[in-house]
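A look at the structure
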Amino acid sequence: MDLRSLRYFVETVRLNSFTQAAESLHVTQSTISKMVRQLEQEVGAQLLIRDGRKLTLTDTGSVVYARGEQMLATMAQLTAEVRDTQAAQRGQLTIGIPPMINLLFTPVLKAFRQRHPDVALTLREDAGQVLERQVASGELEIGMTVLPADPQLDLQTAPIASYPIWALAARGTFQKHRTTLKLKALAGMPLVLLKDDFALTRSLRHAFSAAGFAPQIAAQSGQWDWLVAMASAGMGVALLPEPFIHRLAIGHLDAVRLVEPELQWQAAHMWRGPYLSHAARAWLDVCRDVLPA
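Residues numbered from 1 in each chain as written. Predicted model: local features only at pLDDT ≥ 70, side-chain atom pairs only at ≥ 80, totals over all residues. Heavy atoms only, no water.

**Some thoughts on a nonpolar patch on the surface**
A surface patch of nonpolar side chains, amounting to about 230 Å² of accessible area, comprises M75, L78 and V82. Here L78 is to be found in helix α4 (residues 59-86). (Patch = residues over 30% accessible without salt bridge, like charges linked within 9 Å, V, L, I, M, F, W, Y side chains within 5 Å. Areas by Shrake-Rupley, 256 points an atom, 1.4 Å probe, with all protein chains shown as cover. Salt bridge = Lys/Arg side-chain N within 4 Å of Asp/Glu carboxyl O. Helix = DSSP H or I, 4+ residues; strand = E, 2+ residues; numbered from the N terminus.)

**Digging into helix α1 (residues 3-15)**
Helix length check: α1, at 13 residues, gives a terminal C-alpha distance of 18 Å against a target of 18 Å (1.5 Å per residue), a fit within 8%. Taken together, the buried positions of α1 are S5, L6, Y8, F9, V10, E11, T12 and V13. By the N-cap criterion, in which a side-chain oxygen at the helix start approaches the backbone nitrogen of a residue two or three places on, α1 is capped by D2, the distance to R4 being 3.1 Å. One or two steps after α1, the chain reaches N16, where phi turns positive at roughly 55 degrees. (Expected span 1.5 Å × (residues − 1). Buried < 20%, exposed > 50% of the residue type's maximum accessible area, 1.4 Å probe, protein only. Polar contact = N/O pair within 3.5 Å; in protein donor to acceptor, adjacent residues only side chain to side chain.)

**A short note on empty space enclosed by the protein**
Scanning the entire structure with this criterion turns up one cavity of 30 Å³ or more. A volume near 60 Å³ is recorded for the largest cavity. Lining the largest cavity are P98, M100, G128, T145, V146, F198, A199, L200 and W265. Of all the secondary structure elements, the ones that give two or more residues to the lining of the largest cavity are β5 (142-146) and α7 (199-211). Looking at the lining of the largest cavity residue by residue, the class counts come to seven nonpolar, two polar and no charged. (1 Å grid on protein atoms, 1.4 Å probe; cavity = no way out; pocket = protein on both sides within 12 Å on 5 of 7 lines; lining within 4 Å. Points joined across faces, edges and corners; volume = space filled by probe spheres on them. Nonpolar A, V, L, I, M, F, W, Y, C, P; charged D, E, K, R; others polar.)

**Focus on the nonpolar core**
The biggest cluster of nonpolar side chains holds 69 residues, and the ones touching the most others in it are F105, L186, L239, W265 and W283. If near-sequence neighbours (up to four positions away) are discounted, L186 is found in contact with L181, L191, F208, F213, V237, L239 and L258. In terms of nonpolar packing, the next biggest core, distinct from the first, is built from 18 residues, L6, A21, M35 and Y65 among them. (Core = buried A, V, L, I, M, F, W, Y, C linked by side-chain atoms within 4.5 Å. Contact = heavy atoms within 4.5 Å.)

**Examining the layout of surface pockets**
Estimates place the volume of the largest pocket at around 150 Å³. If you trace the largest pocket, you find 11 residues lining it, with P159, I160, H269, C287 and R288 closest to the centre. Listed by contribution, the elements that provide at least two residues to the lining of the largest pocket are β6 (156-170), β12 (264-271) and α10 (278-290). Of the residues assigned to the lining of the largest pocket, the class counts are nine nonpolar, one polar and one charged.

**Overview of the pattern of salt bridges**
Under the defined criterion, the tally for this structure stands at 10 salt bridges. Of the charged contacts, one joins R257 and E262 as a salt bridge, the two residues approaching to 2.2 Å between their closest N and O atoms. The partly exposed category is assigned to R257, whose relative accessible area is 24%. By relative accessible area, E262 is classed as partly exposed at 39%.

Shown next as structure tokens:
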């Protein structure tokens, strides 16, 4: 059933006049008559009884009019909702965030909630490499990881922040007053690292390989605060990004920045393909506004 002819029919019945319906819809009266006849042909029954200027609905016409009003109201609501979604006023967005990155995003979440209160926002926490695979498969529209992302997944990436990586160890592990440590100095030292499905660990393993040594891993965990506890207990050296160093009470720990090369923890958004929903683009806009450059 053609929605335009249905709209013309409903307006004609509402105003009880072909002439007034034509004026309301800014078309000619002959167009109104033609569209109503077309609708009657589509339905296969007469809808209106014309008695001079008086219009009377047939039984079929009453049904078509009642349902037609509902259909047109539904279409109007659909149009409004699509418009709202395109303006990021409504919609749904699920974002994959690794546990280490999520601490940076409390201000972003607050700002996004204030700007777009009607967007249903869901956070999915998992390791960076797991989220990369979910984005690549289409399970997630957008997520975050630590660069470099897996090149085989062909993901689009946009850096969020970059911080140097520090080494943490029990007091007395490093020379007194030392503030930096060459990467090669970690060769032979026991290390406590995040699990291998974390993108940071992947990045560190690449750096170790490039420096020409295999790491001596004493323990691995999915919780960065547990790594700090193990480092404090003397089990090994923990390697963490600078923002986490500033969140810790490190009076009982040695903390030095890795140099030669200076390793960077580069957090980034990732998505697949050229298209992003309006809600996802709104999220990226908020991130650019809120996060430090």
